[in-house]
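Observations on the model geometry
Given next are the chains, with one letter for each unit.
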Amino acid sequence: MKCGTVAVIGRANAGKSTLINVLVGEKISIVSPKPQTTRERILGVLTTKDYQIVFEDTPGIYKAGNRLNDFMQRQAEQTANDVDVILFVTDGHAGVHEEDLNLLKRFEKGGIPIVVAFTKTDIMPAENIPTELVKFADFDVECTIPVSARKGRNVKKLLNAILELLPEGEYIFPEDVVSDKSEKFMLREIMREKMLLKYDKEIPHGVAIVLNEYTIRPSGTAEVNLDIVCEKPNHKAIIIGKQGQALKEVSSYAREAMEKFLGRKVFLTVYVKVREDWRNSPQLLGEYGYKEEK
């Protein structure tokens, strides 16, 4: 039986989380069209009677001058050092940039087998694909596969290429496990996903979500109490909006997504708080869940 770990690496907004969600068949990571959507390493586990693949979703490689971003980059680097395969994801629609090739060169030196997934091919001209793929010709990679996660194009081919490189072994996780993250973690992430989709510019990137309460009432309804932590008073005003309309709207989207995820009704309470420059505070980063793994 095949069993192994796969680090999913790439620049920010390359489509890593969408691809993992499709490969695993469950929503493991939140997605948005903005960089820094994934902040932590998240495991997505695909198990069949013949194999188990543990995909490790990592933060996109992205330059930003704060301690939170430093934490995110270390998560990606550390994950790629101790896996069986690296799945290197690059945004086909945006084209292969010099930054992609330099990043691939860094991970190529580690000696771990690399499979390249060239994503978002459903929204780029088909005639451009061969021209872009040839840019990987001089790299020591096992294969380069053009895929569309949203259309399911070549996803099975990608999966088979990964399986060929995995060792024989026993399951790492029980058969019914699809992620290492808890429901509480996913509730926070769902709220943050809706923030990323609702608000522009720096505001969603400067937000942390704190779960104060998650309980199940006797009626079966989930009671969820969250804080949205932002960095500036004017950000708080924008998040709340005129007469609270913006906050009501984003909270409504989040509640609907939480109900779908939990499979039950959700009573959601949300507050907005200001903690200036929290992304550079080691204490607050730890309190909000961004702790280094030992």
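In short, a report on the structure. Everything quoted here is computed from the prediction, not taken from an experiment. (Residues numbered from 1 in each chain as written. Predicted model: local features only at pLDDT ≥ 70, side-chain atom pairs only at ≥ 80, totals over all residues. Heavy atoms only, no water.)

**A closer look at the sheet that holds strand β4 (residues 85-91)**
Rule in force here: For two strands to pair, DSSP has to find at least two bridges joining them. Note on conventions: DSSP H or I runs of at least 4 residues are helices, E runs of at least 2 residues are strands, and numbering of each starts at the N terminus. Fitted lines through C-alpha atoms give the axes, limited to the stretch in contact for helices. The angle between two N-to-C directions lies from 0 to 180 degrees.
The strand order across the open sheet built from six strands is β2-β3-β1-β4-β5-β6, with neighbouring strands paired in mixed fashion. The open sheet has two edge strands, β2 (42-47) and β6 (143-146), and neither has a second partner. The sheet shows a mean angle of 25° between the axes of neighbouring strands, taken without regard to direction. Bridge count for β4 against strand β5 (residues 114-119) is six bridges, and the pairing is parallel. Bridge pairing in β5 links T90 to F118.

**Regarding helix α8 (residues 245-262)**
Cut-off, in case you're wondering: Between the first and last residue of a helix there are one fewer steps than residues, each counted as 1.5 Å, and that sum is the expected span. Partly exposed residues are those whose accessible area sits between 20% and 50% of the maximum for their type, while under 20% is buried and over 50% is exposed, using a 1.4 Å probe and protein chains only. Should any heavy atoms of two residues lie within 4.5 Å, those residues are counted as being in contact.
Compared with an ideal rise of 1.5 Å per residue, which puts 18 residues at 26 Å, α8 spans 26 Å between its outermost C-alpha atoms and is within 8% of the ideal. Considered for burial, the residues of α8 that qualify are A246, L247, V250, S251, A254, A257, M258, E259 and L262. Structurally, α8 contributes buried residues whose contacts are with α6 (183-198), β7 (208-216), β8 (222-230), α7 (233-240) and β9 (266-274). Looking one or two places after α8, you find G263, whose phi comes out positive at around 70°.

**Structural notes on unusual backbone geometry**
The backbone phi angle of N154 is positive, close to 65°, even though this residue is not glycine. Although it is not a glycine, Q243 adopts a positive phi angle of roughly 55°.

**Some thoughts on the pairing of β4**
Judged by how many residues are buried, β4 sits mostly within the fold: seven of seven residues are covered. Burial along β4 is two-sided: the residues V85, L87, V89 and D91 and I86, F88 and T90 are all buried. With five bridges joining them, strand β1 (residues 2-10) and β4 adopt parallel strand pairing. Following the sheet pairing, G10 is matched in β4 by V89.

**Some thoughts on the nonpolar core**
The condition is simple: Nine residue types can take part in a nonpolar core, namely buried Ala, Val, Leu, Ile, Met, Phe, Trp, Tyr and Cys, and a core is a set of them joined through side-chain atoms within 4.5 Å.
Core analysis: the largest hydrophobic core is formed by 30 residues, its most contacted members being L19, I53, F55, L87 and L158. Of all the elements in the fold, those that place two or more residues in this core are β1, α1 (16-24), β2, β3 (51-57), β4, β5, α5 (155-165) and α6. Broken down by element, this core gets its largest block of residues, six residues, from α5. Apart from residues no more than four positions distant in its own chain, I53 is found in contact with G4, V6, G44, V45, L46, L159, I162, L163 and L166. Listed in part, the 27 residues of the second largest apolar core include L187, I190, L247 and V266.

**Observations regarding the pairing of β7**
Two elements, β7 and β8, share eight bridges in a ladder whose sense is antiparallel. When the bridges of β8 are listed, I209 appears paired with I228.

**Comments concerning empty space enclosed by the protein**
Convention followed: A 1.4 Å probe that fits but cannot get out identifies a cavity on a 1 Å grid over protein atoms alone, an open set with protein on both sides within 12 Å along at least five of seven lines counts as a pocket, and a residue lines either if it has an atom within 4 Å of a point. Grid points are joined across faces, edges and corners, and a volume is the space filled by probe spheres set on the points.
Evaluated as defined, the whole model comprises one cavity of 30 Å³ or more. Estimates place the volume of the largest cavity at around 70 Å³. At the level of elements, α6 and β7 are the ones that each hand at least two residues to the lining of the largest cavity. Ranked by residues supplied to the lining of the largest cavity, first place goes to α6 with four residues.

**What about the packing of aromatic side chains?**
Between two aromatic rings, the relevant description is the distance of the centres plus the angle of the planes. Note the cut-off: Two rings belonging to Phe, Tyr or Trp (six-membered ring only in the last case) form a pair when the distance between their centres is within 6.5 Å. Interplanar angles under 30 degrees mark stacking, angles over 60 mark edge-to-face geometry, and anything in between is tilted. Two conditions define a charge sitting above a ring: the NZ of Lys or the CZ of Arg must be within 6 Å of the ring centre, and it must be within 35 degrees of the ring normal.
Within the structure shown, the criterion is met by two aromatic pairs. Aromatic side chains W278 and Y288 sit 5.5 Å apart centroid to centroid with 70° between the ring planes, which places their arrangement in the edge-to-face category. On the criterion of sequence distance, the pair formed by W278 in the loop between β9 and α9 (282-287) and Y288 in the segment after α9 is long-range, its members being 10 residues apart. In this structure, W278 and Y288 share a single accessibility class: buried. With centroids separated by 6.2 Å and ring planes inclined at 20°, the aromatic side chains of W278 and Y290 adopt a geometry described as stacked. You can see W278 sitting in the loop between β9 and α9 and its partner Y290 sitting in the segment after α9, a full 12 residues away along the chain. The exposure class of Y290 is buried, given its relative accessible area of 8%. Over the ring of F185 we find K181; its NZ or CZ atom is 4.8 Å from the centre of that ring.

**Observations regarding the side chain of T121**
Looking at where T121 falls in the secondary structure, it is placed in the loop between β5 and α4 (129-133). Relative accessible area serves as the criterion here: at 5%, T121 is assigned to the buried category. Apart from the residues within four sequence positions on either side, T121 is in contact with I129, P146, V147, S148 and R153.

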